[in-house]
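Structure at a glance
Chain by chain, the residues:
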Amino acid sequence: MSQQITVTEHLLLHQKQVPMATGRFTRLFNELILSAKIIHREVSKAGLVDVLGFTGDINVQGEEVKKLDEFANRVLIHRLSRCGALCAMASEENADIIEIPDGLPTGDYFVIFDPLDGSSNIDANVSIGTIFSIYRRKSPSESRLLASDYLQKGADQVAAGYILYGSSCMMVFTTGDGVNGFTLDPSVGEFLLSHPNIRIPEQGSIYSVNEGYYHYWDKPTLDVLAHFKAASMTRKKPYSLRYIGSLVSDFHRNLVYGGIFLYPSDNRDPNKPGGKLRLMCEAAPMAFIVEQAGGLAIDGTRRILDIVPEHLHQRVPLFVGSKLDVEKVQEIYAATKQA
Ligand code: FDP
């Protein structure tokens, strides 16, 4: 029965096929799982205890920090520091690399995470998520960590995934061998395989975008939107618009039903020409997952997984989802460039 397989069992089965596997990767995942359970417990208490609202701080992105954001960040940093598999880590909430404290064992993996994505929705009880992305350092273990060890293109990810704190708590991830979803069974306290080998439909019927920014978009982007809103000869009715404004939730729904999530660049803020979403802790992990599920992710013209980050918190436009829908976006941008 596939439902009885835990994440650890699943990883161990796969590690058997990787001769160099040392078990450290599994330890890293075990700490991610434990962090997810702790964060889930706290998220589900929101409203009952004083975890809602702001801390009063502003994070590296210039956004107000929510209490649950800060809690999730602390849990992940504390747990992952102790897994013995990491050379360093980074968080959407911290400006710089987070080093492993002296005295704790280290390893060759680097993890970057967004502790609680979609957190502007927390107070309204909307589903939110944790996103993670794992790389292996390139320089030798004993040497000083270089920027090139963590500023790697998404295609070099060893694993990526998210935890969705929704109507149930789910962990969806890939290690480069397809995508699997595990649902937390509260009665046994384990994530059990519930969605083996997830495949995104080749074409969807949903588009997800914040259309409130309509007047800030350029002509090619308006053309892209016009495409999804139009009925055509091949598709008799327009796509449906579904936008939660919580990336993990919007992405997950489109992964299951088919569709496209769009966060184009806009001219709202000259300091943010690349849109809002972060390449390393949002776009690249979602791109790895979607490609492993048969979909695509681009920034309009380039494949997200081919972009080498220049810094940890780089932003990038994102079009991610069903293959034919993303290809259509690429085609429209390419046509406008040529014109
Ligand atoms: P949030 O600010 O609530 O954390 O990148 C963060 C994110 O949410 C994504 O989860 C979400 O897709 C996007 O921002 C929503 O942005 P808009 O409010 O600009 O639509």
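Read on for an overview of the structure. (Residues numbered from 1 in each chain as written. Predicted model: local features only at pLDDT ≥ 70, side-chain atom pairs only at ≥ 80, totals over all residues. Heavy atoms only, no water.)

Per the secondary structure count, the protein includes 8 helices and 15 strands. The C-alpha radius of gyration computed for the protein amounts to 20 Å, which stays within 12% of the reference 20 Å derived for 339 residues, consistent with globular compactness. Expressed as a percentage of the 339 residues in the protein, the buried residues total 52%. Within the protein, residue pairs in contact and separated by at least 24 positions form 62% of the contacts whose partners lie at least 6 positions apart. As displayed, the protein has an accessible area near 15,200 Å², and 52% of this comes from carbon and sulfur atoms. Separation of charge centres in the protein, based on 34 positive and 39 negative side chains, amounts to 4 Å. (Helix = DSSP H or I, 4+ residues; strand = E, 2+ residues; numbered from the N terminus. Rg over C-alpha atoms; globule rule 2.2 N^0.38 Å. Buried < 20%, exposed > 50% of the residue type's maximum accessible area, 1.4 Å probe, protein only. Contact = heavy atoms within 4.5 Å. Areas by Shrake-Rupley, 256 points an atom, 1.4 Å probe, with all protein chains shown as cover. Lys, Arg positive; Asp, Glu negative; His and termini not counted. Charge placed at Lys NZ, Arg CZ, Asp CG, Glu CD.)

Formed by 47 residues in total, the largest nonpolar core has its most connected members in Tyr 162, Leu 262 and Ile 304. When residues in this core are grouped by element, the largest group, 7 residues, is from helix H7 (residues 279-292). (Core = buried A, V, L, I, M, F, W, Y, C linked by side-chain atoms within 4.5 Å.)

What follows is about the site of the ligand. The local shell around the ligand holds 16 residues, among which Asp 117, Ser 120, Tyr 213, Tyr 243 and Tyr 263 are the closest. Contact between the ligand and Asn 210: an oxygen atom at 2.8 Å from a side-chain N or O atom of the residue. A distance of 2.5 Å separates an oxygen atom of the ligand from a polar side-chain atom of Tyr 243. Here the ligand has 460 Å² of accessible area as a free molecule, and 89% of this is covered by the chains. (Near = heavy atom within 4 Å. Polar contact = N/O pair within 3.5 Å; in protein donor to acceptor, adjacent residues only side chain to side chain.)

Right, let's talk about the sheet that holds strand S8 (residues 169-174) for a bit. Backbone hydrogen bonds are what pair the strands of a sheet, in a parallel or an antiparallel way. Pairing is mixed in the open sheet, where 8 strands are placed in the order S4-S3-S5-S6-S7-S8-S9-S10. The outermost strands of the open sheet, each flanked by one partner alone, are strand S4 (98-99) and strand S10 (190-195). The sheet contact formed by strand S9 (residues 179-185) and S10 spans 5 bridges and is antiparallel. Paired with Thr 183 across the strands is Leu 192, a residue of S10. Against the sheet, helix H2 (residues 24-44) makes contact with strand S3 (86-91), strand S5 (109-117), strand S6 (128-136), strand S7 (159-165), S8, S9 and S10, and its axis sits at roughly 165° relative to S6, the strand it touches most. (Pairing = 2+ DSSP bridges. Axes fitted to C-alpha atoms, helices over the stretch in contact; angles between N-to-C directions.)

With that settled, the discussion passes to the pattern of salt bridges. Once their charged atoms are close, side chains differing in charge can pair, the charge on each being opposite to the other. Overall, the coordinates contain 18 salt bridges when judged by the stated rule. With a closest N to O distance of 2.7 Å, Glu 31 and Arg 79 form a salt bridge. Here Glu 31, found in helix H2, pairs with Arg 79, found in helix H3 (residues 67-81); they are 48 residues apart in sequence, far enough to count as distant. The class of Glu 31 is buried, set by a relative accessible area of 14%. We note a salt bridge from Arg 278 to Glu 92, for which the minimum N-O separation is 2.7 Å. Of this pair, Arg 278 sits in the loop between strand S13 (260-263) and H7 while Glu 92 sits in the loop between S3 and S4, and the two are 186 residues apart along the sequence. Take Glu 92: its relative accessible area is 3%, and that puts it in the buried class. Through salt bridges with shared partners, one network takes in Arg 41, Glu 42 and Lys 45. (Salt bridge = Lys/Arg side-chain N within 4 Å of Asp/Glu carboxyl O.)

Relative to the helices and strands, Ser 81 resides in helix H3. Within the structure, the side chain of Ser 81 is placed 2.5 Å from the backbone oxygen of Ile 77, a separation counted as a polar contact. Every residue in contact with Ser 81, bar those within four places of it in the chain, is listed here: Leu 76, Met 89, Ile 100, Pro 101, Leu 104 and Pro 105.

The next subject is the packing of aromatic side chains. Under the definition given, this model contains 13 aromatic pairs. Geometrically, the ring pair formed by Phe 29 and Phe 173 is tilted, given 4.8 Å between the ring centres and 55° between the ring planes. Residue Phe 29 is located in helix H2, and its partner Phe 173 is located in strand S8; the two are separated by 144 residues in the primary sequence. Measuring from centroid to centroid gives 6.2 Å for Tyr 213 and Tyr 263, while their planes differ by 50°, and the two rings are tilted. Of this pair, Tyr 213 sits in the loop between strand S11 (206-208) and helix H5 (219-229) while Tyr 263 sits in strand S13, and the two are 50 residues apart along the sequence. (Phe/Tyr/Trp six-rings, centres within 6.5 Å; stacked < 30°, edge-to-face > 60°.)

Before going further, it helps to examine helix H6 (residues 247-257). Across the 11 residues of H6, 9 count as buried, placing the element largely inside the fold. Listed in full, the buried residues belonging to H6 are Leu 247, Val 248, Ser 249, Asp 250, Phe 251, His 252, Arg 253, Asn 254 and Leu 255. Once H6 finishes, Gly 258 follows within two positions and takes phi at roughly 95°, a positive value.

Let's shift gears to the state of the cysteines. What the rule picks out here adds up to 0 disulfides. Distance from the sulfur of Cys 87, which forms no disulfide, to the nearest cysteine sulfur (Cys 83) is 10 Å. This cysteine, Cys 281, is not joined by any disulfide, and Cys 87 carries the nearest cysteine sulfur, 17 Å off. For Cys 281, a relative accessible area of 1% gives the class buried. (Disulfide = S-S within 2.5 Å.)

For the pair H6 and H7, the least separation of the axes is 12 Å and the interaxial angle reads 15°. Relative to H7, H6 is oriented roughly parallel. Judged by the sense of rotation from one axis to the other, the crossing of H6 with H7 is right-handed. The residues of H7 that touch H6, namely those facing Leu 247, Val 248 and Phe 251, are Glu 282, Met 286, Ile 289 and Val 290. Across the contact of H6 with H7, the residue classes break down as 6 nonpolar, no polar and 1 charged. (Parallel < 35°, antiparallel > 145°, perpendicular 65-115°, else oblique. Left-handed = near helix turned anticlockwise from the far one by under 90°. Nonpolar A, V, L, I, M, F, W, Y, C, P; charged D, E, K, R; others polar.)

Geometric values such as these leave the question of function open.
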